[in-house]
Amino acid sequence: MKKNSEIQQKTMRNEGIKVTSPLLPDLNEFTELLKDIWNRKWITNNGQYHQQLEQALAEYLKVPFVSLFTNGTLPLLTALQALNITGEIITTPYSFVATTHSIWWNGCQPVFVDVEEETCGIDPDKIEAAITPRTTAIMPVHCYGHPVKMNRIQEIADRHGLKVIYDAAHAFGVEIDGESVLNAGNMSTLSFHATKVYNTLEGGALIVHDAETKRQIDYLKNFGFAGETEVVAPGINSKVDEVRAAYGLLNLKQVNTAIARRKKVAERYREALREVPGIRFFDDMPNVRHNYSYFPIFVDAKKYGMTRDQLYFRMQESGIYGRRYFYPLISTFSPYRNLKSANPQNLQVATRLADEVICLPMHHELSDSDVLKVIEVISEM
Ligand code: T4K
């Protein structure tokens with residue numbers, strides 16, 4: 001087994017086949033925008049490019065209002081603040097740690113509910129059993145960009161008077177029947193990290209449904225300032241600068257081409273891996289516009305003849321650096337493992353998925369020969 005640091009060094013040198021690679025704007029075009037920023041000397045605090053990007057993203061994503069953030073974690077924290085969430089929040093452990101951390105940082109208690117195999121998202125059938133008089137909200141995750149069962153979740157939330165905040169970090173541009181999944185619930189968050197389908201270097205956004213909420217959110221991400229001398233809430237600093245906003249505007253022009261290439265990679269993987277015993281993966285869901293942000297496979301060791309980890313490290317030996325997103329489960333980490341809901345008996349599907357998953361390389365720069373190499377290593381048993 002190679003040490004993690006060795007692999008990080010290799011991927012930083014662009015050696016081997018990486019799990020992902022950032023979408024980068026054309027450097028000449030970016031330089032022109034940088035010159036403009038240098039000339040105008042307005043570099044942050046709701047600048048011109050910042051305003052343009054919020055508008056352009058709202059149009060692209062088909063949502064009413066976008067508030068830009070400096071990463072995908074702070075919009076989660078801010079959404080909970082804006083909605084005055086207290087007490088217990090129902091979520092899943094099959095996600096990146098930021099989901100649960102945002103609950104903890106707001107002084108709330110995460111309550112883990114199992115996921116369903118079909119989407120890797122929260123299992124609506126198991127939510128009600130986890131609701132107590134202290135429950136105030138549900139935080140589902142559209143894991144890998146697969147939409148969770150939003151109608152079922154909303155019915156439960158309405159019945160119990162709960163807010164719903166979607167961690168939609170992976171769901172950039174995902175639509176069902178032409179409607180953005182980001183319009184569901186009270187708010188949704190996005191991550192524009194380098195490893196995502198669409199990036200602004202670091203970055204993120206909060207999607208809200210009305211102008212008044214957008215105004216409140218914009219105060220909160222600017223220390224709570226509602227004018228030169230008035231502070232209306234204990235806000236935070238999550239303002240996006242002009243350099244990242246300009247970069248984001250350029251990346252938006254090419255994101256559809258990147259998604260189209262990802263789709264081709266997904267189709268090639270599916271075609272080749274469908275016949276490999278013990279390897280499962282997701283097909284496209286009916287009426288969904290996917291973004292192909294990740295390509296998880298799940299290894300059934302008995303049928304495949306090798307454990308997930310054996311395959312994972314064999315891939316590394318061949319220079320293929322997939323990732324085990326999301327292993328280990330968040331509920332196994334020390335800050336959370338003593339919670340009652342963290343008991344693995346309560347999280348049987350999530351535990352199995354975390355033990356079986358490998359996210360294969362998936363990005364716009366993968367060549368046909370890269371994809372073939374990945375397929376060959378998984379297929380040669
Ligand atoms: N909610 C969910 C569901 C999330 O998945 C995330 C983040 C968040 C919330 C929070 O959003 P942010 O606050 O992060 O915006 C990565 C990302 O750091 C993280 O954003 C992401 N989820 C998580 C799933 O994955 P690592 O630790 O796996 O990243 P790293 O540095 O190992 O990079 C993975 C691979 O990507 C590298 O092996 C090669 C490639 N890469 C990476 C970087 C940073 C590049 O080619 N270039 C780069 O600049 O966490």
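Residues numbered from 1 in each chain as written. Predicted model: local features only at pLDDT ≥ 70, side-chain atom pairs only at ≥ 80, totals over all residues. Heavy atoms only, no water.

**Side note on the sheet that holds strand β7 (residues 175-176)**
Strands sit in the order β8-β7-β12 across an open sheet of three strands; the sheet is antiparallel. The open sheet has two edge strands with one neighbour each: β8 (179-180) and β12 (288-289). Two elements, β7 and β12, share two bridges in a ladder whose sense is antiparallel. Among the inter-strand pairings, Ile176 is bridged to a residue of β12, identified as Val288. (Pairing = 2+ DSSP bridges. Helix = DSSP H or I, 4+ residues; strand = E, 2+ residues; numbered from the N terminus.)

**Quick word on the packing of aromatic side chains**
Ring pairs (aromatic) are described by centroid distance and by the angle formed between their planes. Taken as a whole, this structure holds 18 aromatic pairs when the rule is applied. Ring geometry for Tyr60 and Phe172: centres 5.4 Å apart, planes at 20 degrees, overall stacked. Here Tyr60, found in helix α3 (residues 48-61), pairs with Phe172, found in the loop between β6 (163-167) and β7; they are 112 residues apart in sequence, far enough to count as distant. Comparing Tyr60 with Phe172 shows no difference in burial state: the two are buried. Residues Tyr94 and Tyr144 carry aromatic rings whose centres are separated by 6.2 Å and whose planes lie at 80 degrees to one another, so their mutual orientation is edge-to-face. In this pair, Tyr94 sits in the loop between β3 (88-91) and α5 (98-105) while Tyr144 sits in the loop between β5 (135-139) and α6 (150-160), placing the two residues 50 residues apart along the sequence. Each member of the aromatic cluster is reached from another via a ring pair, and the members are Tyr94, Tyr144, Tyr294, Tyr325 and Phe326. Directly above the aromatic system of Phe69 lies the positively charged group of Lys221, at a separation of 5.6 Å from the ring centroid. Above the face of the Tyr327 ring, Arg308 is positioned so that its terminal group lies 4.6 Å from the ring centre. (Phe/Tyr/Trp six-rings, centres within 6.5 Å; stacked < 30°, edge-to-face > 60°. Buried < 20%, exposed > 50% of the residue type's maximum accessible area, 1.4 Å probe, protein only. Lys NZ or Arg CZ within 6 Å of the ring centre and 35° of its normal.)

**Things to note about the side chain of Thr91**
Mapping Thr91 onto the fold places it in strand β3. Polar side-chain contacts of Thr91 include one of 2.9 Å to the backbone oxygen of Met139. If we skip the residues at most four places from it in the chain, Thr91 touches Thr99, Thr100, Ile103, Pro110, Val111, Phe112, Val113, Ile122 and Met139. (Polar contact = N/O pair within 3.5 Å; in protein donor to acceptor, adjacent residues only side chain to side chain. Contact = heavy atoms within 4.5 Å.)

**With respect to the domain arrangement of the chain**
Its domain assignment divides the chain into domain 1 (2-21 + 256-379) and domain 2 (27-252). Computed from C-alpha atoms alone, the centre-to-centre distance between domain 1 and domain 2 is 25 Å. Surface buried jointly by domain 1 and domain 2 totals about 3400 Å² across both partners, of which 63% is contributed by carbon and sulfur atoms. The largest contributions to the domain 1 side of the interface with domain 2 come from Phe326, Ile330 and Tyr336, which together make up 21% of the buried area. Where domain 1 packs against domain 2, one counts two salt bridges. For the interface between domain 1 and domain 2, the tally reads 19 residue pairs in polar contact (both at pLDDT 80 or more). Every element with two or more residues in the side of domain 1 that touches domain 2 is listed here: α8 (242-273), β12, β13 (295-299), α11 (348-356) and β15 (357-360). Residue classes in the side of domain 1 that touches domain 2 are distributed as 23 nonpolar, ten polar and four charged. (Domains from an automatic or database assignment. Buried area = accessible area lost by both parts, 1.4 Å probe. Salt bridge = Lys/Arg side-chain N within 4 Å of Asp/Glu carboxyl O. Nonpolar A, V, L, I, M, F, W, Y, C, P; charged D, E, K, R; others polar.)

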